[in-house]
Structures are given as C-alpha cells and as structure tokens.
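Observations on the three-dimensional arrangement
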Amino acid sequence: MSRPISSDKTARDLHRLDTDGAEGSGPIVGGRHGKHDALPLMSGIDRYTDDITLPRMLHCKLVRSPHAHAKIIAIDTSGAEALEGVHAVVIGSEMPIPYGVIPWTPDEHALALHKVRFVGDPVAAVAAVSEEVAIEACRRIVVRYEVLEALVTPQAALARADLKIHEDNRHGNITKHVHLEFGDVDAALAAAALVVEGDYQFHGSTHAPIEPHCAIASVDGKGLLTVWSATQVPHYLQRELAKVLELPMRQIRVIQPAVGGAFGGKSEPFALEFCVAKLAFKTGRPVKCLYTREEVFLAHRGRHPFDMHYRTAFAADGKILAIDAKSLLDGGAYSSFGLVTTYYSGQLLGAPYRFPTYRFDSTRVYTNKPACGPKRGHGSVQPRFALEVQLDKASRTLGLDPIELRRRNFIGENSVTINGFHIGSNGFLQCLEAVVQASGWAEKWGKLPRGHGIGVAGSCYISGTNYCIYPTELPQSAVQMCLDRSGRVRVFAGTSEIGQGSTTMLAAIAAQELGVELDDVRVLAADSDLCPVDLGAYSSRITLMAGNACLTAARTLGDKIRDILAQLWGIPAADIRLEHRRAFSLTNPQVWMPIQEAFIITESKLGLLGSTGSYTSPQSAVHGDYRGGTIGASPAYSFTAHIAQVQVDEDTGEVTIEHIWCAHDCGHAINPVLVEGQIEGSVYMGAAEAVMEHHDTLPSGLRTDGRRRDSGPGVDGLLMASSLLDYRMPTSLDVPQLTALIVQAPDPRGPYGAKEAGEGPLHSAIPAIANAVFDAVGVRIDNLPISPEKVLRGLRNQAGRKPC
Amino acid sequence: MTETAPVDSTFLDTTAAEPTRARRLVICRLQVNGEGVAVVAPVHWTLLELLRYQLGLIGSKQGCDKGDCGACTVLLDGKPTLSCITLAVAVQGRCVETVEGLGVGGEPHPLQREFAERGAAQCGFCTPGVLMSAAAYLDELSSSAEPVVRQADIAAALGGNLCRCTGYTKIFEAVHAAATQILQRSKALADTSTDDAS
Ligand code: FES
Ligand code: FES
C-alpha cells in the first residue's frame, strides 16, 4: 500500500507527531527541513580535505605512465632526490602488496610494480616542500618502459587472450563471467507472440564531483597514522591501508572531512592515499596530495561501457514471457568493483516487472583504459536502458500504450523476483500514475507535433545490499548515542556524508525520538577513532542501515527517560511524549517539563545516558538459493518512473530535453527536501549521460586535436576529454526542467518505512529520453549517447537517403 | 592595514629550491572583504592560492584550477571572477569579496539562508562560487530601474558555475526566493522613505 506525500497526514498518522510544543512544531521526521550541515560548509567554516593545512606539511605529486600498456624496465629516482626541497620519493616496490576493494580480486598496487596498464597509471610519488618542487621532481624521475600493444576495446582484449593485461589472470583478459538462467528461456522465446531483439550500446561516463580527490597523512611519534581523505568509504580505506602498509588497523585512524561530491567515484582507495601515508612515514612530516582535475578523470571508476544484445519475448497481451540478455562489459585496467558490476548487470533487472523466464550472460574484460567501477546506479543503469527501450518497441508493435504495458507486467508488492529476491513494499504503479498525471501523458503521447515527443520508463533499485563486500558476521552499521546535561544529543556514526544528507537523516531520527530540535543534535561521523563502523556511502545503504541503527539507539534512550518520568509523575510510560524540547503527558498536557530537565533527572538516577544501535541485514530467505544469489539482494527495493519530453531539431539532429517528471518510491521521506534533491540530482545526471557526457579514450589513430596520426604502440589510450570543459556536463543553461514527485510505500524493513532515494531515480531517465526521441521523430537511438550526429543519421535513413 | 608576514616555510623553500626559474616575490596589496591586506607571494601565484593558502580564506574552492568549473568564483570590484585564473599581482589595489564576507556580523546572507533551507547545497563544494555569482546577480537586479526576478536571468547568471549534485533546481529556487525577498525589502524601504518625505 502506498500513499502520496501530498497529504501531510501521512507522516502525522504514521508517527502521531501533532504537537503544541513551545519550541518548534510539526514533525521532524517527514518534515521539510534544510540540510543540517549546509551553512558552515557554504560559509568557508567547515573544512573539506584540501582546506586542511598541517604544520610542516609536504606536498605530494605522482609520476604517471605515458603509455597505455608497457612493462616497467627501470626507474631512476636519483634526479628527483637530488633536487632541493624534495624530502622523499616512493616507488611501487616499496608497497608490493596488492589490494582491491573486492577482497577476491586484489589486482592493484599503490604504485605500478612491473607494468603500467593505462595512460595515467601511477608509477612513483614525491614528497616535497611545495607542489611546484614536487612537479619538477616528478619530471626528473626517469622511467624506462618496454611498450606493449594497447588493448583499448573489449573486443580487442577478448581477441588477444595471448596478450594478458594482468599476467596472472586465469582466462585471458576476462575478469569475470556470469551466466545465470531461470526457467526455460528458449521454450518461452519459441512460443512467444512477439520477440523484440536488439543490440544496445551504453557508453562510459564519469562521476566528475566538483571536489577533486585529496588526502593528507600524518604520523605521530608513536607510529599512529592518521589519514584524512575525500573518500566515501573510510572503513574500506582503513582496511586497505592496513593491508598495503602492513600495519594493524588499530594503528590507523581514518577521518573523512566534508566531501565535495562522490557519486561512487570515491568508493575505493586510490594511489594518493597509500602514497601520502607511505611518504609521511618516510619523512616524519604530514603529506598532502590533491589530484588535478585531469587526475580525477584518470582515477575514474565510472560507468562501464556495455555492449548488449537483448531478446525479450511477449504474449499478445503484452505480458513479458522471457528476457535473454548478453552483455560485454568494458572494465578498464583493474577489477575495482567489477565482480559485483558483472552480477548487477543481470541481477538487478528482476523488478518492477514480472517475467517467468530469464537468462543473462555477462562478461567483463580488462582493457588498457582507466578502470571502471560503480557510478550512481551501479551496474544496473545499462541493462535498464536496453530493457526499457525493448518494452517501448514492444508496445508500438502490439499497439499498447507503453504505460499500460508496464502496468500489465507489474510484479506487485510482497513478491519474489525470478532470481529469488524478496520485494517488500512496491509503489511502482503509484509512481507511474504520478508521472502520467503530472506530465499530461494522455494528451501528449503519440499526439505531439512532429519534432516533439514524450517517453516513459520505469526501474527499481536496492537500499543497500544484504552482504558486506568482505565476509563478516559483524553489523553493517552501528551508532553510539549520548545525551548530556545541556539538553543535547550526540550521535557517533561511521557514516559518510558526501552531500546526500546522511548527517541530516541521523539528526532527524535522534531529534524525533528524543524530543529535541534538529540543531540540538551533534552528529560526529566518519572518524575511525571515535565512531563505530559503517561500511560507507555506496549502494544506497545508509538511510536504511544507519537509520535503523540510529533508531534503535535513540529508542533505547527514549525508553529510559520515559521510565524515569513515569515513576516521577506516577503515570504510565506509554503516556509520555518527548517532542520539541519538552517531555509531557499525552493525556494531561499540564504535566510537562523541559527536555533538558528530563535528561538531567534521568542521568541523575541512571548515570550517563548512552546507548548503541546496530544494524545487520536479513540473512535468510530474501535472496536466491544459487551461486551468486545473494549478490544484489537488498533488504528493501525502491521504485521509479520517468516521463521525458523532448524536442528534436530535424536540421541539426540536436535533442533538447524540455522536461523530465520523475516519481520515486522512497518508502518514507525522512526529509522530503533532501529526497527531492536526490531525485533532481539523479535525473540531471541521467539526462546528462543520455545526451552529453562521454568518458572514453580516443579511437586509435586520432590525436587529441582530432587530426590523424601514425598509429603504433604507446599512443593509444589517451582520454578524449580530461577537463571539465571538454567533458561536457550540463550547466544551469542546459538543464531541463525537473519535476520530482515523492511516492511513499513504507517498507517494514526501513526506519519509519524509508528506502533509498539517491540512485534509483537516475536509471529510467535515460530510456525515457530515448523513447521520447522515437516518439518525436521515429528514430531509435540504441547506441548512447544520443548525439546530433546519430539522430541525423537516423533521420536520413528514415528518409531513404544515404546516411552521412 | 594588516601586514601578513611570509612565515610559511613551504613558501620560503619554494623559491630556494627552484633557483633556475626566477621566482620573484611581490607584495600584493588589496582589499579583501573590506579589509586592506598586504601579502608577500610568489609572482606566479593565483588569487585563489593567495586567498586559500596565504590568507586562510578556504571558502573559495578549487575544482579544476583552469577556469572551467566556477568553484573559485569571487567578486573582483563587484564582478564575478574566476580566482584560479587570475594572477594575484594583477589585482593590486582592487577589491575582492569572497564567501566569507557575504554575511554581515555573523548573520548569514539571505542567499545563504535560502540555500540552506531549500536544500540548494548538497555537498556544498560548488556553493561558495554559486553564491558569489548569485550575489552579483542580486546587486545588478537591485540597481536596475525596473527590477524583475526572472528564471532565465538567474540561469544565465549562474552559467559559469558547475554543480554536480543538485541539477540546479533548488539553486534556482533559492536564488529566486532571496531575490524576491531583497526586492520586497528595498521596496518597503523605498515606501517608508516616500512616506517620510510626504
Ligand atoms: S577552480 Fe577556478 S574555475 Fe574551477
Ligand atoms: S552542491 Fe555539490 S556540486 Fe553543487
């Protein structure tokens, strides 16, 4: 059952929050509030990593490979070491232990050991008194390479199994292959009224957070290493630092200062963190490394390019009978999260539609390019594009409204997907309804004048995954909470605030449960010395997991206070409410006291008021019972529907996205302002991928200036856009009108019913745009991005003229 | 006028270590947020470096260091300027305003308040630059003869500031709200003074 947010009653009914409090009024959870930590950040008060300067701090720069694929023969650092102002140089052999964010695929080194695998692979690092001196020192480091042929396309990498990018890889250049089959797909395809078959190409794109990666390391006299880093996974960073530097974890403190955006691009350790740590040990001085913008593009870990072949079978009434998907993933130089990506490419497609048979076959290969990894909507944005375009094609052939086709295939709430994932709440139909209403679909679809079009698509995403990326039975998130005599609540959490609002979410839950105002809560987050572990800001897990942990801790304290006041007032504890800085009797409003007094009285009776809360996800009966069946299974699933309206200029091929309506089922909006922000940001990012952004290397034989050059070893693999000017992302003048609609289908597994909001709303923006382009001019662009060139080619083909 | 002495060892070492390239030091005298400062800095330093690393004004951010993102936007004599591609020596004697100077007496600027309340800052990293461009827009608006708040003007004023988090929607809303507020306030003021005059 779902409820649209527009009725304010929703939140109130759910939590009985009406109040006559003297302080604030209205609900905190569910109320529209600003971001808790925004003002000090935007005033130059709170610090991002590069805003931190330590006494005697040195600056680090990296030497990077000019070749896409080469053996390292020798490194001569003497020229650098002789330079005045240089304090230390480090090379790969000093940190020989391999690491990888997924423990099963450790194929990276802090600095390249014997081989470089993409243009920009780091080889050496320097610590010097200034960035300028460090840059000059890097120039004086001489690396001798034996250049190898660069494999820059996945097809080339597959074909050249003899030329392994990673020598010890078992199957040529294949990093992961997953083949899963559910039901008799071939029989279903054979018996279908309609089979839609097509090839789809999804291109690479990158996160491009406005804050570049930055890290600082400092070592105290007793060997305690402190690393400040612009990371979204401080816990994994601490683990990998321990591994590579061969230190016990207790000797490492990781602090994540404010982070200026991440989107998945900071969700694993990078060369700079290991290098500053090593150099701090070598020099005894703090060391900082700030990546240049070009280095951020090289660090990448962005969206994998996918080559997909899809066959989808339909009954005459539009019901999906089978999906048969084959995908080739271009992984870049390292594994990164690739094992998971390869599973996600098929595992996350199982909702919002029901289909009785399913097969997917996904292969990820190494190529000599910056490594791909998790970008917002990890691994499931690409297959979603293929499927939702297939659905649009089917609806045209079957003569069904694409909305109706999607309705007919709805999987329902409390259902089980074909691959065994247990869906709880599901507001997908409400999402469809919301965008249909808001966009005026009925008057527009198929009815707009030529050149104008409208398209729809739907999707589903996870609210965290049930398993940690390393095997453990420990909680995935935990919170410690402490009340003090000033009437303040302190929340200690390992959560990573990266702009998505996790700090505000925790503050809201604590304030709601303990009867204080938002500003009375101090959230201390992401400091491994002070906070319990949370696994990090990825897979949209924090609201559900840390939120639940926070709720447990807060309710424990709330109960203690109510028990003491119940004794004092001689009324049942259930009659006592804590709200807006007051504790009071619900039935007799004359009986009340300020919340600070309630804290003091309780502490005087019970001692210091502290509590903990932990979250461990459900471990049984919520996922598939087969190898890989746990990967991608989530405690709760979010649902999204998009409608996009576009205008296509038939003379230039340019597509202007006029408006996107996105309705997202986030379970319960703990803060609607922030949920809308996540929806708007996701839709913007999806729209940008659809028509503008492209992260890839230049095709062989082209130079950066676009002129031809003699090809040959060692010149392939240059990034085609490594600045924020060349990598075109939308400015305020390019962005379409965005309408964010919140749908609430509370899930019993989420805190107050909440599910994710940060990644789901990206997915179906892209196919909705592609489907709208078809509605406008009858041209299918199955090969992203939707560029003017491709649209024009499509139009010319349509006119029966020769393609350009 | 405060004289800031070059006490940072990093800064002294820089010149010592690179005798090959003539690294002249210059004294930069300028107004920053209404206060006169004189700072010794290497001649090749940008205004952004001077602000962040010499004056400790970390509010201006570096997103690209090459004029592409707008995170370093400050007001130079009232005009939005990219401080990462402006040499510090080139602004001798001129007035620089950074986000630290936006609020008055510890009170946030109406823009900051609207940004905070409406969720127009997510990660907040682009925000100081966006705020400075928006502040210049507000100045222009309130000095125009027939001030009207238009969405298209706001989008144009912010065209040089990339934001990767918000999709700009809430930024537009916040600037719109602050602009409307400021116009109403100045209108109210004007009305009162007309009343007084009559
Ligand atoms: S830092 Fe100046 S424009 Fe990007
Ligand atoms: S708020 Fe993060 S870049 Fe604008």
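Residues numbered from 1 in each chain as written. Chains lettered and ligands numbered in written order. Predicted model: local features only at pLDDT ≥ 70, side-chain atom pairs only at ≥ 80, totals over all residues. Heavy atoms only, no water.

1. Some words on the overall build of chain B
Where we set the bar: Strands here are runs of E lasting at least two residues and helices are runs of H or I lasting at least four, both read from the DSSP assignment and numbered beginning at the N terminus. Three exposure classes are used, based on accessible area relative to the maximum for each residue type with a 1.4 Å probe and protein chains only: buried under 20%, partly exposed in between, and exposed over 50%. The criterion used for residue contact is that any of the two residues' heavy atoms lie within 4.5 Å. Note that accessible areas follow from Shrake-Rupley with a 1.4 Å probe, and for residues the cover is restricted to the protein chains shown.
Within chain B one finds six helices and six strands. In chain B, the order of α-helices and β-strands from amino to carboxyl end is β-α-β-β-α-β-β-β-α-α-α-α. In chain B, which comprises 198 residues, the share counted as buried stands at 52%. Within chain B, residue pairs in contact and separated by at least 24 positions form 57% of the contacts whose partners lie at least 6 positions apart. When the accessible surface of chain B is totalled, it reaches about 8400 Å², and 55% of it is carbon and sulfur.

2. A closer look at the domain arrangement of chain A
All names here are of chain A. What counts here: Domain start and stop points were drawn from an automatic or database domain assignment. We define buried area as the total accessible area lost by two parts upon association, computed with a 1.4 Å probe and summed across both. Identification of polar contacts relies on pairs of N or O atoms within 3.5 Å, with a donor-acceptor requirement for protein atoms, meaning one able to donate a hydrogen and the other able to accept it, and with residues adjacent in sequence counted only if both atoms are side-chain atoms. Side-chain classes are defined by residue name, with Ala, Val, Leu, Ile, Met, Phe, Trp, Tyr, Cys and Pro counting as nonpolar, Asp, Glu, Lys and Arg as charged, and the others, Gly among them, as polar.
As far as domains go, chain A holds domain 1 (49-148 + 207-299), domain 2 (306-466 + 626-697 + 730-799) and domain 3 (473-609). Facing the 15 residues of domain 1 at the interface are 15 residues of domain 3. Taking both partners together, domain 1 and domain 3 bury about 1200 Å²; carbon and sulfur atoms supply 45% of that area. Counting across the interface, domain 1 meets domain 3 through eight residue pairs in polar contact (both at pLDDT 80 or more). Where the side of domain 1 that touches domain 3 is concerned, the elements lending two or more residues are helix H7 (234-245) and strand E12 (252-255). Grouping the constituent residues of the side of domain 1 that touches domain 3 by class yields eight nonpolar, six polar and one charged.

3. Examining the side chain of Ser 218 of chain A
All names here are of chain A. One can find Ser 218 in strand E10 (residues 214-219). A relative accessible area of 19% places Ser 218 in the buried class. Not counting chain neighbours up to four residues away, the residues in contact with Ser 218 comprise Leu 54, Leu 224, Leu 225, Thr 226, Trp 228, Ala 280 and Pro 286.

4. Focus on unusual backbone geometry
Residues and elements named next belong to chain A. Geometrically, the link from Ala 351 to Pro 352 is a cis peptide bond, its omega value of 5° lying close to zero. Positionally, Pro 352 belongs in the loop between helix H10 (338-347) and strand E16 (357-365). Omega for the peptide link from Leu 784 to Pro 785 comes to -5°, which places this bond in the cis form. Considering the arrangement of structural elements, one finds Pro 785 in the loop between helix H20 (765-777) and helix H21 (788-798). Residues other than glycine seldom take positive phi values, yet Arg 301 does so here, at roughly 65°.

5. Remarks on the sheet that holds E16 of chain A
Residues and elements named next belong to chain A. To be explicit about the condition: A pair of strands counts as paired when DSSP detects no fewer than two bridges linking them. Only C-alpha atoms enter the line fits that serve as axes; for helices the fit covers just the stretch in contact. Angles between N-to-C directions range over 0 to 180 degrees.
With mixed pairing, five strands are arranged side by side in an open sheet as E8-E16-E15-E14-E9. Two strands lie at the open edges of the sheet, namely strand E8 (174-182) and strand E9 (194-202), each paired on one side alone. The mean angle between the axes of side-by-side strands here comes to 5°, regardless of whether they run parallel or antiparallel. With nine bridges joining them, E9 and strand E14 (residues 306-314) adopt antiparallel strand pairing. When the sheet's bridge partners are listed, Val 195 is paired in E14 with Ala 313. Here H10 sits on the sheet and contacts E8, E14, strand E15 (320-330) and E16; the angle it forms with E16, its principal contact strand, is near 155°.

6. Structural notes on the packing of aromatic side chains
All names here are of chain A. To keep things clear, this is the line we draw: Two rings belonging to Phe, Tyr or Trp (six-membered ring only in the last case) form a pair when the distance between their centres is within 6.5 Å. Interplanar angles under 30 degrees mark stacking, angles over 60 mark edge-to-face geometry, and anything in between is tilted.
Applying the stated rule across the entire model yields 20 aromatic pairs over all chains. Their ring planes at 80° and their centres at 5.9 Å tell us that Phe 202 and Phe 385 sit as a pair that is edge-to-face. In this pair, Phe 202 is assigned in strand E9 and Phe 385 in helix H11 (residues 381-398), connecting sequence segments 183 residues apart. Take Phe 202 and Phe 385: they sit in the same class, and that class is buried.

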